[in-house]
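So you can see what is in the structure, the chains are spelled out below.
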Amino acid sequence: MFEIFNEIDENIDTKDIIEVLNIGIKKLNLKDIEFNVILTNNEYIHELNKEYRNIDRETDVITFALEDDLSFPEMENRVLGDIYISIDKARTQAEEYGHSFKRELCFLAVHGFLHLLGYDHMVEEEEKIMFNLQEEILNEAKITR
């Protein structure tokens, strides 16, 4: 269904990410989907943000949703795209927000996952739907602040 790629020189425990994403998949009754989660650093995510969004700074999570632009009718599975998470930014934000690194990392994974599915937070009504769903998934995984 999904793979996690660690592109930094540090061992990151991914079992909580796997658990929370599987809860999200089950909760949304998704079947036959594929996507990737790529753990990276501030430097690389900054490059992605600058190149693809014209924003010249690092960010916490960036997604590349394939369903936004393309359709793959010949494929067995829905290929959703890629979620890039900055481990550096996740650590900083966990400290800033006063919760664990585990919570921040899982939040960013769920947030990116929902973006791949087309959820967004640019409009207040959509934000409520997306953020409520994020919290439901995290709470179900017992990942709290």
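Presented here is a report on the structure given in the accompanying data block. (Residues numbered from 1 in each chain as written. Predicted model: local features only at pLDDT ≥ 70, side-chain atom pairs only at ≥ 80, totals over all residues. Heavy atoms only, no water.)

1. Some remarks on the overall build of the chain
Let me state the cut-off plainly: Secondary structure is summarised from DSSP: a helix means a run of H or I of at least four residues, a strand means a run of E of at least two, and numbering begins at the N terminus for each. We compute the radius of gyration from the C-alpha atoms alone; for a globule the expected value is 2.2 Å times N to the 0.38, where N is the number of residues. Accessible area is worked out with a 1.4 Å probe on protein chains only. A residue is then buried under 20% of its type maximum, exposed over 50%, and partly exposed in between. Contact definition: two residues touch when any of their heavy atoms are within 4.5 Å. Neither His nor the chain ends contribute to the count of charged residues, in which Lys and Arg are positive and Asp and Glu negative. Here the site of a charge means NZ on Lys, CZ on Arg, CG on Asp, or CD on Glu.
Secondary structure assignment for the chain yields 5 helices and 4 strands. For the chain, the succession of helices and strands along the chain, N to C, is β-α-β-α-β-β-α-α-α. The C-alpha radius of gyration of the chain comes to 15 Å, within 12% of the 15 Å expected for a compact globule of 145 residues. Each principal axis of the C-alpha atoms in the chain carries an extent, and together these give about 40 × 35 × 35 Å. Residue burial in the chain is summarised as follows: out of 145 residues, 41% are buried. Put simply, 64% of the contacts in the chain that link residues at least 6 apart link residues at least 24 apart. Distance from the positive charge centre (15 side chains) to the negative charge centre (33 side chains) of the chain: 7 Å.

2. A word on helix α3 (residues 87-97)
Working note: α-helix, 3.6 residues per turn, so residues spaced by three or four point in the same direction. Formally: Summarising the geometry, the arc corresponds to the directions from the helix axis toward the C-beta atoms.
Within the sequence span of α3, burial applies to Ile87, Ala90, Gln93 and Ala94. Down the axis of α3, the smallest arc covering the buried residues is 125°, so these residues share one side. Set apart from the buried face of α3 by more than 90 degrees, the exposed residues are Glu95 and Glu96. At its buried positions, α3 is contacted by β2 (33-40), β4 (78-86) and α4 (101-116). Phi for Gly98, located one or two positions after α3, is positive at around 70°.

3. Things to note about the pattern of salt bridges
What counts is decided by this rule: Any Lys or Arg side-chain nitrogen found within 4 Å of a carboxyl oxygen on Asp or Glu counts as a salt bridge.
The tally for this structure, following the rule as stated, stands at 9 salt bridges. Here Lys27 and Glu136 are joined by a salt bridge, their closest N and O atoms 3.3 Å apart. Of the two residues, Lys27 is situated in helix α1 (residues 15-27) and Glu136 in helix α5 (residues 124-140); the sequence distance between them amounts to 109 residues. Under the relative-accessibility criterion, Glu136 is labelled partly exposed at 40%. Each member of the salt-bridge network shares a partner with another, and the members are Asp13, Lys15, Asp16 and Lys102.

4. Topic: α4
Selection criterion: Take the number of residues in a helix, subtract one, and multiply by 1.5 Å to get its expected span.
The first and last C-alpha atoms of α4 sit 23 Å apart over 16 residues, in line with the 22 Å expected at 1.5 Å per residue. Within α4, 14 of the 16 residues are buried, which leaves it mostly tucked inside the rest of the structure. One or two positions beyond α4, positive phi appears at Gly118, with a value near 100°.

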